[in-house]
Amino acid sequence: MVAPRAVIVHRASEWTELIARHGTRGQVAFFLQQRDQSPSAVSARHDDLHAALTAVAAGIPSDWRRAAVERADLPRFAFEPEDVVLVVGQDGLVANVAKYLHDQPVIGVDPAPGRNAGVLVPHAPAATAALLARVGDGSAVMQERTMVEVRSDDGQSLVALNEIMIGQPGHQSARYLLEVAGETERQSSSGIIIGTGTGASGWCRSIARIQAPRLPLPEPAEEALAWFVREPWPSPTTGADLIAGRLDGDAPLALRVESDTLVAFGDGIESDRLSLGWGQRVTVGVSRRTLRTVVS
């Protein structure tokens, strides 16, 4: 029987990135001071992250295999079915890793309580050993978080935990024919966002407050999505009546591309995207994949 593998996912700290760019601690301090930033504050956040990473590593059972991967290397990292994923960082880092997983349990660890929302990273580093023990013996309480998936008519697909964005790569006007809830409308807009119940605590919540304050946003485990059209432009040939709504169950949203190029990407990672050409049809709906997060 193959031993479980604990995979620690983290993002390089601001301090690490600045050292890589400027070469020395003195140069980093000078750079920050010139911009009225505190080197000690940035260094303290770096220390907090590495203290959390040390504590998490210490909580991994000695007979487990272990690995570590930085956010930038996620597209090239091979996750295994037996992995237990320990995400140490901000809530958004859980969304970044979600698309690369297939049912592996995720433990979100907050290295800086009070600075992060803690929605997806609710656990303290010191809780690692107890949580891994529960995952190992099958007694851990899990939450199945709904994900969103976009598919194109040429077979491309992409999943995301928070939201899918469809629009122009240069953030100019996107032109398309929108099909949703039995209605169609030709539109020119800044793009369409389709979010999950997890995403409803982030970007989608912000958009809903302005655009559709009475729209009931889905819960994280609910098989439903919310969609929003950004800045639709009413003109003689385009409309702005279909601007927001819900997708419940298997009900999809579809659009026919009427621009030279549109892109679809998830959770803010535009470099990992689908390229969509003129005339292509894409559908967006609830994914069959879910993210399994460890609650306790």
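The rules we used
Residue numbers here run from 1 along each chain, matching the order of that chain's written sequence. A pLDDT threshold of at least 70 governs which residues receive local features in this predicted model, and a stricter bar of 80 or more applies before side-chain atom pairs are shown or counted, although totals over entire chains, interfaces and linings include all residues. The basis for the side-chain values is all heavy atoms of the structure; hydrogens and waters are excluded. Residue types Ala, Val, Leu, Ile, Met, Phe, Trp, Tyr and Cys, when buried and joined through side-chain atoms within 4.5 Å, form a set referred to as a nonpolar core. Think of it in three bands: with a 1.4 Å probe and only protein chains considered, a residue is buried below 20% of the maximum accessible area for its type, exposed above 50%, and partly exposed in between. Runs of H or I in DSSP of at least four residues are treated as helices and runs of E of at least two as strands, each being numbered from the N terminus. Any two residues whose heavy atoms approach within 4.5 Å are treated as being in contact. Any Lys or Arg side-chain nitrogen located within 4 Å of an Asp or Glu carboxyl oxygen qualifies as a salt bridge. Here a polar contact means two N or O atoms within 3.5 Å. Within protein one must be a hydrogen donor candidate and the other an acceptor candidate, and residues neighboring in sequence count only if both atoms are side-chain atoms. Think of it as the arc spanned by the lines of direction from the helix axis to the C-beta atoms.

Enquirer: Quick rundown of the nonpolar core? Include the residues and the values.
Expert: Counting residues in hydrophobic clusters, the biggest one holds 26 residues, and the most contacted among them are Val150, Ile166, Leu178, Ile194, Trp227 and Leu276. Broken down by element, this core gets its largest block of residues, 4 residues, from strand β8 (residues 174–180). Non-local contacts of tryptophan 227, meaning those with residues more than four positions away in its chain, are made with Leu178, Val180, Ile193, Ile194, Leu242, Ile243, Ala244, Gly245, Arg246, Leu247 and Leu253. Judged by nonpolar contacts, the second largest core, of 22 residues, contains Val7, Ala67, Val106 and Leu120.

Enquirer: Summarise the pattern of salt bridges; cite the residues concerned and give the values.
Expert: Counted by the stated rule, this structure contains 14 salt bridges. With a closest N to O distance of 2.7 Å, glutamate 258 and arginine 186 form a salt bridge. In this pair, glutamate 258 is assigned in the loop between β13 (253–257) and β14 (261–266) and arginine 186 in strand β9 (residues 183–189), connecting sequence segments 72 residues apart. Look at arginine 186 and you get partly exposed, because its relative accessible area is 38%. Linked through salt bridges whose partners overlap, the residues forming this network are Arg5, Arg65, Glu80 and Asp83.

Enquirer: So, the side chain of serine 287: which residues are in play, and what are the values?
Expert: Here serine 287 lies in strand β16 (residues 281–294). By relative accessible area, which is 7% here, serine 287 ends up buried. There is a polar contact of 3.4 Å between the side chain of serine 287 and the side chain of glutamate 149.

Enquirer: I'd like a rundown of the environment of glutamate 14, residues and numbers included.
Expert: With respect to the element layout, glutamate 14 can be found in helix α1 (residues 14–22). Glutamate 14 gets classed as partly exposed once you look at its relative accessible area, which sits at 41%. Taking C-alpha positions, glutamate 14 is 28 Å from isoleucine 207, a pair spaced 193 residues apart along the chain. Among residues more than four places away in sequence, those in contact with glutamate 14 are Val42 and Arg45.

Enquirer: Which residues make up unusual backbone geometry, and what are the values?
Expert: Phi is positive for aspartate 103, which is not a glycine, with a value near 75°. Among the secondary structure elements, aspartate 103 is positioned in the loop between α4 (91–98) and β4 (106–109). In this structure aspartate 103 comes out as partly exposed when scored by relative accessible area, which is 48%. Positive phi is not limited to glycine here, since alanine 181 has a value of about 55°. Here alanine 181 shows up in the loop between β8 and β9.

Enquirer: Any details on helix α6 (residues 203–211)? Residues and values, ideally.
Expert: Those residues of α6 not exposed but buried are Cys204, Ile207 and Ala208. Along the long axis of α6, the arc covered by the buried residues comes to 100°, so they all point the same way. Every exposed residue of α6 that faces more than 90 degrees away from the buried side is listed here: Arg205, Arg209 and Ile210.

As far as function goes, none of this settles anything; it's purely spatial.
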